[in-house]
Amino acid sequence: MRRAIELAARGLGTTSPNPVVGCVLLDADGEVVGEGFHAYAGGPHAEIVALAQAGHRAKGGTAVVTLEPCDHTGRTGPCSLALVQAGVARVVIAVPDPNPVATGGAATLRAAGIQVDLGVRGAEAENGNVAWLTAMRRGWPYVIWKFAATLDGRSAAADGTSMWITSEAARMDVHALRATVDAVVVGVGTVLADDPRLTVRNLRDGSLAIRQPLRVVVDSAGRTPADAQVRDGAAATWIATAAEVGTGPDGGVDLPALMAALQVRGVRAVLLEGGPRLAGAFLAAGLVDRVVGYLAPRLLGAGPAALVDAGVSTIAEAIDLEVTDVTQIGPDLRIAALPRKREG
């Protein structure tokens, strides 16, 4: 199962709106005879790739898969039926499929006389597929808030300059993070101030990645300039206005409605990149699932803060975080954390 989880990770950023899935096939003697992962939506599922490699040696063997095999016909056929037809004797599953359209594979396998073991290394598999699983279970995308700041929490200098707070190594790491999501979201203030491209690219030569996430500008009044770089055609762009999405209690774009609209568009993972007020609004609304901060070993002492108005007025209301990773990227620190759920 550890190997299947490793294989599944190869599909991060390319499978949406489908999940990442990995599969390892063992023959009747326990020898690995096939491996596969889901590479792109509409392409063969992990089980089908592994079965093709295994051929007749799959009969009487064991399929180890990170997610319950699908039990419906969409752009591809049901993997549960493919495993039955291949004659496997046992299927080991890490996580049940929460998608009501595709679930039921385990029951179909058991009905065919196949031994099914569920929950093997489930927590590890969940972690590797957390965005898709979260989006499917609750109905809106998984949101990662990414920010870059100096050690004293400034996102720009007092004169507004912000290029570059962090190192090239950190900025390359951000592009790797962008490559794993389906949409990048910013506020119109960030577009007006910085005119970002919001594409996934190689910073050394400027080349664009083949797959680009959807660029979303939260722009309640439609102020995004016609010549803004987000309109350059390098990637799909949605200027999300209040007139189209709906108006929230603060007079801006209704953020829960925006998330629901992105879910309908097939977005399962969102990278929230700016600015500080939009990030505060997402946090105040409880829409942030993970925080990734890049901290540069620099001090400014003045200038815009990385976060503004997150609905916190007293220390008792502070949004507590559980730090899950601290990694040095060049001279900078990358800190990943999960907001703790508030009680009551």
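Residues numbered from 1 in each chain as written. Predicted model: local features only at pLDDT ≥ 70, side-chain atom pairs only at ≥ 80, totals over all residues. Heavy atoms only, no water.

Visitor: Any chance you could explain the overall build of the chain here in plain terms?
Guide: When you go through the chain residue by residue, the secondary structure sums to 11 helices and 13 strands. Computed over its C-alpha atoms, the radius of gyration of the chain comes to 22 Å, within 12% of the 20 Å expected for a compact globule of 344 residues. If one aligns the C-alpha atoms of the chain with their principal axes, the spans along those axes are about 70 × 45 × 45 Å. Counting only residues that meet the buried cut, the chain has 46% of its 344 residues in that class. Looking at the chain alone, contacts between residues at least 24 apart form 68% of all its contacts between residues at least 6 apart. Working note: accessible area of the chain is about 16,100 Å², and carbon and sulfur atoms make up 53% of it. For the chain, the distance from the average position of its 31 positive side-chain charges to the average position of its 35 negative side-chain charges is 2 Å. (Helix = DSSP H or I, 4+ residues; strand = E, 2+ residues; numbered from the N terminus. Rg over C-alpha atoms; globule rule 2.2 N^0.38 Å. Buried < 20%, exposed > 50% of the residue type's maximum accessible area, 1.4 Å probe, protein only. Contact = heavy atoms within 4.5 Å. Areas by Shrake-Rupley, 256 points an atom, 1.4 Å probe, with all protein chains shown as cover. Lys, Arg positive; Asp, Glu negative; His and termini not counted. Charge placed at Lys NZ, Arg CZ, Asp CG, Glu CD.)

Visitor: In this structure, what is going on with the nonpolar core? I would like to understand it.
Guide: As a rule of thumb, nonpolar side chains are buried together in soluble globular proteins. If you look at the biggest cluster of nonpolar residues, it comprises 34 residues, and the most contacted ones within it are Met1, Leu25, Leu83, Val88 and Val91. At the level of secondary structure, the elements contributing two or more residues to this core comprise helix H1 (2-9), strand S1 (22-26), helix H2 (46-54), strand S3 (62-67), helix H3 (79-86), strand S4 (90-95), helix H4 (105-111) and helix H6 (130-138). Sorting elements by how many residues they give to this core places S4 first, with five residues. With sequence-adjacent residues up to four places away left out, Val91 is seen in contact with Ala63, Val65, Pro69, Leu83, Leu109, Ile114, Gln115, Val116 and Asp117. (Core = buried A, V, L, I, M, F, W, Y, C linked by side-chain atoms within 4.5 Å.)

Visitor: What am I meant to see in the packing of H2 against H3 here?
Guide: How two helices pack is summed up by the angle between their axes together with the distance between the axes. Orientation of H2 relative to H3, taken along the N-to-C sense of each, is 20°, at an axis distance of 9 Å. Considered as vectors, H2 and H3 are oriented roughly parallel to each other. For H2 against H3, the interelement crossing comes out left-handed. Contact with H2, carried on its side by Glu47, Ile48 and Leu51, involves Cys79, Ala82, Leu83 and Ala86 of H3 and no other residues of that element. (Axes fitted to C-alpha atoms, helices over the stretch in contact; angles between N-to-C directions. Parallel < 35°, antiparallel > 145°, perpendicular 65-115°, else oblique. Left-handed = near helix turned anticlockwise from the far one by under 90°.)

Visitor: Looking at this structure, how should I read H3?
Guide: Every α-helix winds through 3.6 residues per turn, so residues three or four apart in the chain are directed the same way. Three or more residues of H3 are buried, namely Cys79, Ser80, Ala82 and Leu83. Across the axial projection of H3, the buried residues extend over an arc of 165°, all falling on one side. Elements in contact with the buried residues of H3: H2, S3, S4 and H4. (Arc of directions from axis to C-beta.)

Visitor: When you look at the packing of aromatic side chains in this model, what are you seeing that I'm missing?
Guide: What describes a pair of aromatic rings is the distance from one ring centre to the other and the angle between the planes of the rings. This model, assessed by the stated rule, comprises one aromatic pair. For the cation-ring pair, Arg265 lies above Trp238, with the distance from its terminal atom to the ring centre recorded as 3.9 Å. (Phe/Tyr/Trp six-rings, centres within 6.5 Å; stacked < 30°, edge-to-face > 60°. Lys NZ or Arg CZ within 6 Å of the ring centre and 35° of its normal.)

Visitor: Teacher, can you tell me more about the sheet that holds strand S13 (residues 332-339) here?
Guide: Adjacent strands of a sheet pair through backbone hydrogen bonds, lying either parallel or antiparallel. One open sheet accounts for eight strands, arranged S9-S8-S7-S10-S6-S11-S13-S12; its pairing is mixed. Bordering the open sheet on either side are strand S9 (237-240) and strand S12 (321-329), each of which pairs with just one other strand. Geometrically, the sheet is characterised by an average inter-axis angle of 20° between neighbouring strands, direction not taken into account. Two strands pair when backbone bridges link them, and strand S6 (residues 142-150) and strand S10 (residues 269-274) are joined in this way by four bridges, in the parallel orientation. If you follow Ile144 over to S10, its bridge partner there is Leu271. In this fold helix H10 (residues 255-264) packs onto S6, strand S8 (214-218), S9 and S10, with an angle of close to 160° to the strand it touches most, S8. (Pairing = 2+ DSSP bridges.)

Visitor: For this particular structure, what's the right way to read the packing of H10 against helix H11 (residues 276-284)?
Guide: Remark: H10 packs on H11, axes separated minimally by 10 Å, with the N-to-C direction vectors making an angle of 85°. With respect to H11, the axis of H10 lies roughly perpendicular. Contact with H10, carried on its side by Leu255, Leu258 and Met259, involves Leu278, Ala281 and Phe282 of H11 and no other residues of that element.

Visitor: Mind showing me how you'd approach the UniProt feature "domain: CMP/dCMP-type deaminase" (unreviewed entry) in the chain here?
Guide: Per the UniProt entry, the sites bearing "domain: CMP/dCMP-type deaminase" (unreviewed entry) are residues 1-117 in this numbering. Within the segment residues 1-117, helix and strand shares are 27% and 22% respectively, and the terminal C-alpha atoms sit 12 Å apart. (UniProt positions renumbered as here; feature names shortened; annotations may be inferred.)

Visitor: It is not clear to me how the environment of Glu317 should be interpreted in this structure. Could you clarify?
Guide: By the secondary structure assignment, Glu317 is in the loop between strand S11 (290-296) and S12. Glu317 gets classed as partly exposed once you look at its relative accessible area, which sits at 30%. In the structure, Glu317 is positioned 260 residues away from Arg57 in sequence and 59 Å away in space, judged by C-alpha atoms.

Visitor: Is there a simple way to explain the layout of surface pockets in this structure?
Guide: Rolling a probe over the atoms, with the probe sized like a water molecule, indicates the empty space that remains. For the second largest pocket, the calculated volume is near 720 Å³. Lining of the second largest pocket is provided by 34 residues; of these, Leu12, Asn127, Gly128, Val130 and Ala131 occupy positions nearest its centre. At the level of elements, H1, S3, helix H5 (122-128), H6, S6, S12 and S13 are the ones that each hand at least two residues to the lining of the second largest pocket. With four residues, the single largest contributor to the lining of the second largest pocket is H6. Residue composition of the lining of the second largest pocket, by class: 20 nonpolar, 10 polar and four charged. (1 Å grid on protein atoms, 1.4 Å probe; cavity = no way out; pocket = protein on both sides within 12 Å on 5 of 7 lines; lining within 4 Å. Points joined across faces, edges and corners; volume = space filled by probe spheres on them. Nonpolar A, V, L, I, M, F, W, Y, C, P; charged D, E, K, R; others polar.)

Visitor: Could you clarify how one ought to interpret the sheet that holds S4 in this entry?
Guide: Pairing is mixed in the open sheet, where five strands are placed in the order S2-S1-S3-S4-S5. A strand with exactly one partner marks an edge of an open sheet, and here the two such strands are strand S2 (32-37) and strand S5 (115-118). Pairs of neighbouring strands in the sheet enclose a mean axial angle of 15°, with direction left out of account. Bridge analysis of S4 against S5 gives four bridges, and the strand direction is parallel.

Visitor: Could you clarify how one ought to interpret the side chain of Glu47 in this entry?
Guide: Secondary-structure assignment places Glu47 in helix H2. Sequence-distant contacts of Glu47, that is, excluding residues within four places in its chain, are made with Cys23, Val65, Leu67, Pro69, Cys79 and Leu83.

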